[in-house]
Amino acid sequence: MEPTGCLVSGRPAALPTDDAALVVQALRGDRGAFETLVRRHRRPLVNHLYRQIGQREAALDLAQEVFLKVYQSLGSYDPRYRFTTWLYRIASNAAIDQFRRRHVPTCGLGADGGDSNEDRVLAIAGSDPSPDQILRARELASRIDRAVQRLPAEFRQLILLRHRQHCRYDEIARITDLPLGTVKNRIFRAREILRGELADLLEP
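Residues numbered from 1 in each chain as written. Predicted model: local features only at pLDDT ≥ 70, side-chain atom pairs only at ≥ 80, totals over all residues. Heavy atoms only, no water.

Within the secondary structure layout, Gln-157 lies in helix α7 (residues 153–163). Here the side chain of Gln-157 touches Ser-92 through a polar contact of 3.2 Å, side chain to side chain. Other than its neighbours up to four places away in sequence, Gln-157 contacts Gln-52, Ser-92 and Thr-176. (Helix = DSSP H or I, 4+ residues; strand = E, 2+ residues; numbered from the N terminus. Polar contact = N/O pair within 3.5 Å; in protein donor to acceptor, adjacent residues only side chain to side chain. Contact = heavy atoms within 4.5 Å.)

Structure below.
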């Protein structure tokens, strides 16, 4: 194992900012590189898992399990793909295992209390929304959340990956181990379901 952090002029060399480069450093024994990966991706991963399984503490515990699996499997990471694609594939498998162990309620898009649908609606409405706009934004966010909760689990997961994690279709296919055509078809069907649920909101 190589020493952690090469010295330049008596100071530790700065860690690379690219995820793939951090993985290389971690494989060389640099603990700080892996810690940087964890700090960078922990919050969005926990939020994603929370929306999948619906319990905050369980999501925190599961995120720790995911990062442990990531650390143990670093050597299998393929740098041709984004690190987050590989990370969320491990996380999705962990969430599926969690569902098999026990069924828990799921949460919608903005249930974690941060970057919610309401936040985005208010940002669109303007920097100084009126009380009526705030109320309407809350109602809209609640409607969207309930509609997402009612989606079948296989549709909900894909919608969250596409519209919350901003994954490309090919990345979602790798994360879920589904054919690309299946991913596109399910996301299309999920959008159709949501469009039907929210038809009154979409009217001019």
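The discussion continues.
Turning our eyes to something else, we now look at the pattern of salt bridges. The full count for this structure, using the stated rule, is nine salt bridges. In this structure, the salt-bridge partner of Glu-197 is Arg-150, at a minimum N-O distance of 2.8 Å. With Glu-197 in helix α9 (residues 180–197) and Arg-150 in the loop between α6 (131–149) and α7, this pair connects stretches of sequence that are 47 residues apart. Among the salt bridges present, the one from Asp-170 reaches Arg-168, with a minimum N-O distance of 3.1 Å. Asp-170 gets classed as partly exposed once you look at its relative accessible area, which sits at 29%. Each of Arg-82, Arg-168, Asp-170, Glu-171 and Arg-174 takes part in one network of salt bridges that share partners. (Salt bridge = Lys/Arg side-chain N within 4 Å of Asp/Glu carboxyl O. Buried < 20%, exposed > 50% of the residue type's maximum accessible area, 1.4 Å probe, protein only.)

The biggest cluster of nonpolar side chains holds 47 residues, and the ones touching the most others in it are Leu-45, Leu-49, Val-66, Val-70 and Phe-83. For this core, the elements supplying multiple residues, two or more each, are α1 (19–27), α2 (31–53), α3 (56–72), α4 (83–101), α6, α7, α8 (169–176) and α9. Looking at this core, the element that brings in the most residues is α2, giving nine residues. Setting aside its immediate chain neighbours within four residues, Leu-49 contacts Gly-54, Ala-59, Leu-62, Ala-63, Val-66, Ala-91 and Ala-95. (Core = buried A, V, L, I, M, F, W, Y, C linked by side-chain atoms within 4.5 Å.)

Moving on: α3. The first and last C-alpha atoms of α3 sit 25 Å apart over 17 residues, in line with the 24 Å expected at 1.5 Å per residue. For α3, the set of buried residues is Ala-58, Ala-59, Leu-62, Ala-63, Val-66, Phe-67 and Val-70. (Expected span 1.5 Å × (residues − 1).)

With that settled, the discussion passes to the packing of α2 against α7. Put simply, α2 and α7 touch, their axes get as near as 10 Å, and they point 155° apart. With respect to α7, the axis of α2 lies roughly antiparallel. α2 and α7 meet at a crossing whose hand is right-handed. Residues His-48, Arg-51 and Gln-52 of α2 form the contact with α7, whose participating residues are Arg-156, Gln-157, Leu-160 and Leu-161. When its residues are assigned to classes, the contact of α2 with α7 shows two nonpolar, three polar and two charged. (Axes fitted to C-alpha atoms, helices over the stretch in contact; angles between N-to-C directions. Parallel < 35°, antiparallel > 145°, perpendicular 65-115°, else oblique. Left-handed = near helix turned anticlockwise from the far one by under 90°. Nonpolar A, V, L, I, M, F, W, Y, C, P; charged D, E, K, R; others polar.)

At a minimum axis separation of 8 Å, α2 and α3 run at an interaxial angle of 135°. Classed by the angle they form, the pair α2 and α3 counts as oblique. The interaxial crossing formed by α2 with α3 has right-handed handedness. Seen from α2, the contacting residues are Phe-34, Val-38, His-41, Arg-42, Leu-45, Val-46, Asn-47, Leu-49, Tyr-50 and Ile-53; seen from α3, they are Arg-56, Ala-58, Ala-59, Leu-60, Leu-62, Ala-63, Val-66, Phe-67, Val-70 and Tyr-71.

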